[in-house]
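Working through the structure, step by step
Here's the letter readout for the chains.
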Amino acid sequence: MRANAIMKIVAGIAVCMGAQLASADTIIYLKSEDHDFVGQGLTQQLNFASQEIQAQVEPGGDVQVFGFSNDRNFSMRLGSPRGWDRTLLTNATCYERAQHAALRENGRPGLHFSLDSRGCSESMSRFRVREITTTGNQVESLSVDFVQHCQRAGGAALFGNVRINSTDDRPQSFEAPVFNSSGTLTFVATLGGVGSSAPGGVASIAMPSTLAIADGSAYNGALFRYNGPLPGQMGDRSWRLQFDAPDLGYLGAGDYPNATRFGFQAMGEAGLEFTYDGAGVNTISGNFMISSARYDALDGFPTVFNAVFVQNREGNPASRTNGAIVYEALFRNGAVIFSGGFEDSETGLAAVDLVYPCAN
């Protein structure tokens, strides 16, 4: 750090897209989507004095940064894929599908950013190193752009730029999310069926990336979760929908009759469960039909999933929910878009190639 630098801490200053970052030893610009726990949905710029920053290379090669002022604090840890012993981050390099830095799996890059003591218990991120210089274990300069999702399978994002003693004066810009997704859940519920609390027992709910999570299930199926506005309700509420193939098999396109509550299904039975606004059932009978299903080869996330389902409350066909879900996710890697996941890309990266040169 430059010993004679004079800085102030400034919080909550919005900087327009394309504006030049102010000249400062440590500057952090953050943009948080609604429902992001760390950034609390705010846009803000933080400036720290050199004596308020600690930045060093850890023995394992990760870069660890701490910033403390009278009323604000942050920490950031980032590193190359675990297993690359002491491989330092490099300039003009992008790191894809990063996990929580302290908890990441072998072969995964790591990133974790916390603000005012708020952090993620798990995460999925991507980051770009624009500039890094070190002397021994001290970080002399650093310029990093990142996006962090506080869920393994995406969700609301925190976008950030970190500049420490950096010569990088390019216009402020953000990394793209790990992926974008969209979809719709529709249903009709009758006579106490799950979802009958919606007005008229009918709903059509959009599933933007910030509100919906699509993941694999513990039973090798597909799990969809949503937290946001529900018809006729105040504030954010939730629903959950899970599909599982019989006997832990592959959940692909096809008909799945005789579905019962997932986790309790017998051999040869498919698993199904739909809960809505806190209401579920103990016993389920039903069925579902998947018209298309595709999954990301690296993490198993659904990339395309279209299905209709029937769920009978407590096994009673008179108290049923008829529903349909349509979902698609687009994974991004710089300018390359993986329309169906890594496995469908002919020109993009291999599934295990998560570190690559990128424009600085």
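Residues numbered from 1 in each chain as written. Predicted model: local features only at pLDDT ≥ 70, side-chain atom pairs only at ≥ 80, totals over all residues. Heavy atoms only, no water.

What follows concerns the overall build of the protein. Assigned secondary structure in the protein consists of 0 helices and 22 strands. Taking all 360 residues of the protein together, the buried fraction comes to 52%. Look at the contacts in the protein between residues 6 or more apart in sequence, and 60% of them connect residues 24 or more apart. For the protein, the exposed area adds up to about 15,100 Å²; of that, 52% sits on carbon and sulfur atoms. (Helix = DSSP H or I, 4+ residues; strand = E, 2+ residues; numbered from the N terminus. Buried < 20%, exposed > 50% of the residue type's maximum accessible area, 1.4 Å probe, protein only. Contact = heavy atoms within 4.5 Å. Areas by Shrake-Rupley, 256 points an atom, 1.4 Å probe, with all protein chains shown as cover.)

Residues I53, A55 and V57 line the buried face of strand 3 (residues 53–57), whereas the alternating positions Q54 and Q56 sit on a face that is not buried. The sheet contact formed by strand 3 and strand 4 (residues 63–68) spans 5 bridges and is antiparallel. Note that in strand 4 the partner of Q54 across the bridge is F66. Counting the residues that bridge the hairpin from strand 3 to strand 4 gives 5 residues, and of these G61 lies at a positive phi of roughly 105°. (Pairing = 2+ DSSP bridges.)

For the rest of this paragraph, the subject is the nonpolar core. Of all hydrophobic cores here, the largest spans 45 residues; its most connected members are F224, W239, F243, L251, F288, F305 and I325. Tallying contributions element by element places strand 18 (residues 284–295) first for this core, with 5 residues. Membership of the second largest hydrophobic core comes to 32 residues, among which are M76, C120, F146 and C150. (Core = buried A, V, L, I, M, F, W, Y, C linked by side-chain atoms within 4.5 Å.)

With that out of the way, let us pick up the state of the cysteines. Covalently bonding the sulfur atom of one cysteine to the sulfur atom of another cysteine gives a disulfide. This model, assessed by the stated rule, comprises 2 disulfides. Disulfide pairing is shown between C94 and C358; the S-S distance is 2.2 Å. When the S-S torsion is 95°, as for the bridge of C94 with C358, the disulfide is right-handed. Remark: C358 occurs in the segment after strand 22 (355–357) and C94 occurs in strand 6 (residues 93–99); sequence separation between them is 264 residues. (Disulfide = S-S within 2.5 Å.)

So, about the confidence of the model for the protein. When pLDDT drops low, the exact placement of atoms in the prediction is not to be read closely. When pLDDT is averaged along the protein, the result is 86; 87% of the residues meet or exceed 70. Below pLDDT 50 for its whole length, residues 1–24 participates in 60 contacts with residues either more than four positions away or in separate chains. Throughout residues 339–352 the model reports pLDDT below 50, and contacts reaching past four residues in sequence, or to other chains, amount to 26 contacts. (pLDDT = per-residue confidence, 0-100.)

Let's shift gears to the pairing of strand 19 (residues 302–313). Within strand 19, 9 of the 12 residues are buried, which leaves it mostly tucked inside the rest of the structure. Of the pairings in the sheet, the one linking strand 18 to strand 19 comprises 11 bridges and is antiparallel in character. If you follow R294 over to strand 19, its bridge partner there is V304.

Okay, the pattern of salt bridges next. Within this structure, the stated rule accounts for 17 salt bridges. Close ionic contact of D299 with R97 constitutes a salt bridge, the shortest N to O distance being 2.5 Å. Taken together, the residues D299 in the loop between strand 18 and strand 19 and R97 in strand 6 connect sequence positions 202 residues apart. Comparing D299 with R97, the two get one shared label, buried. A salt bridge links R163 to D168, with the shortest nitrogen-to-oxygen separation between them at 3.6 Å. Take R163 and D168: they sit in the same class, and that class is buried. Each of R97, R108, R152, D215, D296 and D299 takes part in salt bridges that share partners, so that together they form one network. (Salt bridge = Lys/Arg side-chain N within 4 Å of Asp/Glu carboxyl O.)

Along the chain, S32 falls in strand 1 (residues 26–32). On the basis of relative accessibility, which here comes to 6%, the residue S32 falls in the buried class. Apart from residues no more than four positions distant in its own chain, S32 is found in contact with G39, Q40, G41, L42, A157 and L158.

This next bit is on the side chain of H100. Positionally, H100 belongs in the loop between strand 6 and strand 7 (110–115). H100 gets classed as buried once you look at its relative accessible area, which sits at 13%. A distance of 3.3 Å separates a polar side-chain atom of H100 from the backbone oxygen of C120. Sequence-distant contacts of H100, defined by excluding residues within four places in its chain, comprise L111, H112, C120, S121, E122 and S123. (Polar contact = N/O pair within 3.5 Å; in protein donor to acceptor, adjacent residues only side chain to side chain.)

Next up on the list: the environment of E122. By secondary structure assignment, the location of E122 is in the loop between strand 7 and strand 8 (124–135). The partly exposed category is assigned to E122, whose relative accessible area is 33%. Sequence spacing of E122 and A102 is 20 residues, and the spatial spacing of their C-alpha atoms is 9.8 Å. At a separation of 2.9 Å, a polar atom in the side chain of E122 contacts the main-chain amide nitrogen of R152.

We now examine unusual backbone geometry. Trans is the prevailing form of peptide bonds, just as negative phi is the prevailing case for residues other than glycine. Despite not being glycine, A92 has its phi angle at roughly 55°, a positive value. Overall, the relative accessible area of 23% leaves A92 in the partly exposed class. Of note in this structure, N220 is not a glycine but carries a positive phi near 65°. Positionally, N220 belongs in the loop between strand 13 (212–216) and strand 14 (222–229). Residue classification places N220 among the partly exposed residues on the basis of a relative accessible area of 44%.

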